[in-house]
Amino acid sequence: TLHVAVNHWPSRRGGKEDARLIAAQVLRKAVDSVLAINPKANIVMLGDFNDDPNNRSIKKILMANDDDQKKNTLVNAAEPTFKKGYGSLAFNGAWNLFDQVIISASLNDHTGVDYVPETFTVFAQRWMFVETGKYKGTPQRTFSNGVFNSEGYSDHFPVFILLKKF
């Protein structure tokens, strides 16, 4: 069984960190409930967390880390990419990696299904970028300043990981 939790946490608009901390608590409680029944449960949490891998909601509340995969119950597959300076969205000229894939440590135990190490990818193809103007080099939005852009798709690049079956 593969447990999948798709997330879209509250935005940063209006300083809603408390709401994201609550979202992290809810997700952590759900993960703990699954792990209480099966400590080897295969869990994938993904989506737009509206926080970076080093933010309090991810590191302290959800307790997702990449530093010791044997010790941690949750491994943030996105964190090494974030440490290299890559992001999935740009805001005010800075890149953030709000789109993440966090997995249970059991997806690294070489039984059943496993995460293929270092396959977390921000899928950013040339056609997905704004090519000119103020937002050059950022994702091609569907809506910008209330105007529909038929060439756009999102303000975030998609992300993915690879899993393999043993």
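What comes next is a walk through the structure. Sequence order sets the numbering: in each chain, residues are counted from 1 along the sequence as written. Per-residue local features are limited, in this predicted model, to residues with pLDDT of at least 70; the limit for side-chain atom pairs, both in listing and counting, is 80 or more; totals at the level of whole chains, interfaces and linings are taken over all residues. Each side-chain value is derived from all of the structure's non-hydrogen atoms; neither hydrogens nor water enter the calculation.

A closer look at the pairing of strand S7 (residues 99–104)
In this scheme, a residue with accessible area under 20% of its type's maximum is buried, one over 50% is exposed, and one in between is partly exposed, where area comes from a 1.4 Å probe on protein chains only. Each helix is a run of DSSP H or I of at least 4 residues and each strand a run of E of at least 2, with the numbering of both proceeding from the N terminus. Of all six residues in S7, six are buried, a share of seventy percent or more. Side-chain alternation along S7 places Asp-99, Val-101 and Ile-103 on one buried face and Gln-100, Ile-102 and Ser-104 on a second face that is also buried. In this description, strands pair whenever DSSP reports at least two bridges between them. Of the strand pairs in this sheet, strand S2 (residues 42–48) and S7 are connected by five bridges, and their pairing is antiparallel. Bridge assignment links Met-45 to a residue of S7, and that residue is Ile-102.

A closer look at the side chain of Ser-106
With respect to the helices, strands and loops of the structure, Ser-106 is situated in the loop between S7 and strand S8 (113–115). Relative accessible area serves as the criterion here: at 8%, Ser-106 is assigned to the buried category. Of the polar contacts made by the side chain of Ser-106, one reaches the backbone oxygen of Lys-40; its length is 3.3 Å. Whenever a nitrogen or oxygen atom comes within 3.5 Å of another N or O atom, the pair is scored as a polar contact, on the condition that within protein one atom can donate a hydrogen and the other can accept it, and that pairs from neighbouring residues in sequence are kept only if both atoms are in side chains. At a separation of 2.5 Å, a polar atom in the side chain of Ser-106 contacts the main-chain carbonyl oxygen of Ala-41. Note on definitions: a residue-residue contact is assigned when non-hydrogen atoms from the two residues lie within 4.5 Å. Apart from residues no more than four positions distant in its own chain, Ser-106 is found in contact with Lys-40, Ala-41, Asn-42, Val-113 and Asp-114.

Quick word on the environment of Ala-36
Along the chain, Ala-36 turns up in helix H1 (residues 17–37). Distance from Ala-36 to Ala-23, taken between C-alpha atoms, is 20 Å for residues 13 residues apart in sequence.

Focus on a nonpolar patch on the surface
Nonpolar side chains collect at one region of the surface, where Leu-2, Val-4, Val-6 and Leu-163 lie side by side and expose about 360 Å² of accessible area between them. No other element matches the three residues that strand S1 (residues 2–8) contributes to the nonpolar patch. To count toward a patch, a residue needs a relative accessible area over 30% and no salt bridge; like charges are then connected within 9 Å, while nonpolar side chains (Val, Leu, Ile, Met, Phe, Trp, Tyr) are connected within 5 Å. All accessible-area figures derive from a Shrake-Rupley calculation using a 1.4 Å probe, and residue coverage is judged against the displayed protein chains alone. Salt bridges are identified by distance alone: a Lys or Arg side-chain nitrogen within 4 Å of an Asp or Glu carboxyl oxygen.

Notes on unusual backbone geometry
In terms of backbone geometry, most residues other than glycine have negative phi values and most peptide bonds are trans. In this model, Met-63 sits at a positive phi of 60°, which is unusual for a non-glycine residue. Within the secondary structure, Met-63 is located in the loop between helix H2 (56–61) and strand S3 (64–65). The class of Met-63 is partly exposed, set by a relative accessible area of 40%. Of note, the phi angle at Glu-118 is positive, near 60°, even though the residue is not glycine. Counting through the fold element by element, Glu-118 comes out in the loop between S8 and strand S9 (121–122). Residue classification places Glu-118 among the exposed residues on the basis of a relative accessible area of 74%.

A word on the packing of aromatic side chains
Geometry of aromatic contacts follows a simple scheme: Phe, Tyr and Trp rings, the Trp one being its six-membered ring, pair when their centres are within 6.5 Å, and the pair is stacked under 30 degrees between planes, edge-to-face over 60, tilted otherwise. Using the criterion set out here, one finds five aromatic pairs in the structure. Following the ring pairs from residue to residue traces out a cluster consisting of Trp-95, Phe-129 and Phe-157.

Notes on the sheet that holds S1
Whether parallel or antiparallel, the strands of a sheet pair through hydrogen bonds between backbone atoms. Read from one edge to the other, the open sheet built from five strands follows the order S1-S2-S7-S4-S3, with strand pairing classed as mixed. Where the open sheet ends on each side, the last strands, each with one partner, are S1 and S3. Relative to S2, S1 runs parallel, the two being bridged by seven bridges. Within S2, the position partnered with His-3 by the bridge is Ile-43. H1 rests against S1, S2 and strand S4 (74–76) of the sheet, and its axis sits at about 165° to S2. To define axes, lines are fitted to C-alpha atoms, for helices over the stretch in contact only, and angles between the resulting N-to-C directions are given on a 0 to 180 degree scale.

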